[in-house]
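# Results of the structural survey
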Amino acid sequence: MIRVLLVEDQTLVRQGLRSMLALSGDLHVIAEAEDGLQALHLVPEHRPDVMLLDYRMPHLDGLGVLRGLKALGALPPTLILTTFDDDDLLIEGAQAGARGYLLKDVSLEVLLQAVRTVAGGGRWLQPVTPSRVRGPDAATPPGEAIALTSREQEVLRLMAGGYSNREIAGLITTTEGTIKSYVSNILSKLGVRDRTRAVLKALEYRLI
């Protein structure tokens, strides 16, 4: 049984999610929070397998919850719930420790699959419009055609974590110039023009 904690300030949305999860047979809602401050108390108490976290909430938003629980060492695998298809939100959430995100109009099938994937240690990114990730003039290679080296994958994961080139160089014991070269290669292979789109596309194709 996968134990889920819901964090959502809208009662109807929260009830709807609970009802959908109850249809699964293997997902069980163990607690519910109406705002971010409640979540900070309930998560360490219940230790859920997965947290479904609303991004826009009173008192403390989803980003604050992620950062607060991460600081406490109590952050469970988390899916951000949002009504906004927002690139910056995705990047901020990933940097704060979220394992993925879902739009609130998600189907039952996708919701259950996402929760199970994250509970199993994976990541979940609801499909992003390709033109928004790559830009209008970029190439569109399929995910399996993107061949990153193990070091490039490591650098890309650290990029997704919000680390600068200098910080990445220190973490993997190399020079900042070498990291700039890796980043340039990553952008070229992914067919994007900046770090944000590189991380988005890597998440889309499950490269990190």
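Residues numbered from 1 in each chain as written. Predicted model: local features only at pLDDT ≥ 70, side-chain atom pairs only at ≥ 80, totals over all residues. Heavy atoms only, no water.

### A look at the overall build of the protein
Operational definition: Only DSSP runs of H or I reaching four residues or more are called helices, and only runs of E reaching two or more are called strands; each is numbered from the N terminus. With a 1.4 Å probe rolled over the protein chains alone, any residue whose accessible area is under 20% of its type maximum counts as buried; one over 50% counts as exposed, and the rest are partly exposed. Here, residues are in contact when the closest pair of their heavy atoms is within 4.5 Å.
What the protein contains, in helices and strands, is 10 helices and 6 strands. A burial count over the protein gives 46% of its 208 residues as buried. Contacts spanning at least 24 positions in sequence make up 65% of the contacts within the protein whose residues lie at least 6 apart.

### Let's talk about the nonpolar core
Test applied: In this description, a nonpolar core means a group of buried Ala, Val, Leu, Ile, Met, Phe, Trp, Tyr and Cys residues linked to one another through side-chain atoms lying within 4.5 Å.
Core analysis: the largest hydrophobic core is formed by 47 residues, its most contacted members being V7, M51, V155, L156, M159 and L190. If we ignore the near neighbours within four places in the chain, the residues touching M159 are Q95, I168, V183, I186, R195, A198 and V199. By size, the runner-up hydrophobic cluster in this structure holds 19 residues, among which are L79, V106, A114 and V115.

### Considerations on helix 1 (residues 11–22)
Threshold: Any helix carries an expected span of 1.5 Å times its number of residues minus one.
Over its 12 residues, helix 1 runs 16 Å from end to end, which matches the ideal 16 Å to within 8%, given 1.5 Å per residue. In this structure, the buried residues of helix 1 make contact with strand 1 (2–7), strand 2 (27–33), strand 3 (50–54), strand 4 (78–82) and helix 5 (108–119).

### Details of unusual backbone geometry
Unusually for a residue other than glycine, H59 sits at a positive phi of about 70°. Among the secondary structure elements, H59 is positioned in the loop between strand 3 and helix 3 (62–72). Residues other than glycine seldom take positive phi values, yet T173 does so here, at roughly 55°. Tracing the chain through its elements places T173 in the loop between helix 8 (165–172) and helix 9 (176–190).

### Concerning the packing of helix 2 (residues 36–46) against helix 3
This is how the line gets drawn: Simply put, an axis is a line fit to the C-alpha atoms, just over the touching stretch for a helix, and the angle between two N-to-C directions goes from 0 to 180 degrees. By definition in this entry, angles of less than 35 degrees are roughly parallel, angles greater than 145 are roughly antiparallel, angles of 65 to 115 are roughly perpendicular, and the rest are oblique. Whether a crossing is left-handed or right-handed is set by the direction in which the near helix is turned from the far one by less than a right angle, anticlockwise for left-handed and clockwise for right-handed. All amino acids are sorted into three groups, where Ala, Val, Leu, Ile, Met, Phe, Trp, Tyr, Cys and Pro are nonpolar, Asp, Glu, Lys and Arg are charged, and the leftover types, Gly among them, are polar.
Running from N to C, helix 2 and helix 3 cross one another at 30°; their axes reach a closest spacing of 9 Å. Overall, the two elements helix 2 and helix 3 adopt an arrangement that is roughly parallel. Between helix 2 and helix 3 the crossing geometry is right-handed. When helix 2 is examined against helix 3, the residues G36, A39, L40, V43 and P44 are found in contact with a partner set consisting of V65, G68 and L69. Its residues placed into classes, the contact of helix 2 with helix 3 shows 6 nonpolar, 2 polar and no charged.

### Here's the deal with helix 3
Definition in use: For this analysis, a polar contact is any N or O atom pair within 3.5 Å, provided that within protein one partner can donate a hydrogen and the other can accept it, and provided that sequence-adjacent residues contribute only side-chain to side-chain pairs.
Among the residues of helix 3, those classed as buried are G62, L63, G64, V65, L66 and L69. Its side-chain oxygen placed 3.3 Å from the backbone nitrogen of L63, D61 serves as the N-cap of helix 3.

### Some thoughts on the pairing of strand 1
The condition that has to hold: Pairing between strands is defined by DSSP: at least two bridges between the two strands are required. With strands facing away from the observer, any crossover in which the path from the first strand over the helix to the second runs clockwise is taken as right-handed.
When you tally the buried positions in strand 1, you get 5 out of 6 residues, the bulk of the element. Bridge count between strand 1 and strand 2: 6 bridges; the pairing is parallel. Counterpart to R3 in the pairing with strand 2 is H28. On the question of chirality, the crossover connecting strand 1 to the parallel strand 2 by way of helix 1 is right-handed.

### Focus: the confidence of the model for the protein
Interpretation of this model should avoid reading the predicted coordinates in detail wherever pLDDT is low. Defined as follows: Every residue carries a pLDDT, the predictor's confidence in it, which falls somewhere between 0 and 100.
Per-residue confidence for the protein gives a mean pLDDT of 85; residues scoring 70 or more make up 88%. Counting contacts from residues 128–143, a segment whose pLDDT is below 50, to residues more than four positions away or on other chains yields 34 contacts.

### Considering the side chain of R14
Within the element layout of this structure, R14 appears in helix 1. Judged by its relative accessible area of 7%, R14 is buried. Here R14 is in contact with L6, E8, D9, E32, A33 and E34, once residues within four sequence places are set aside.

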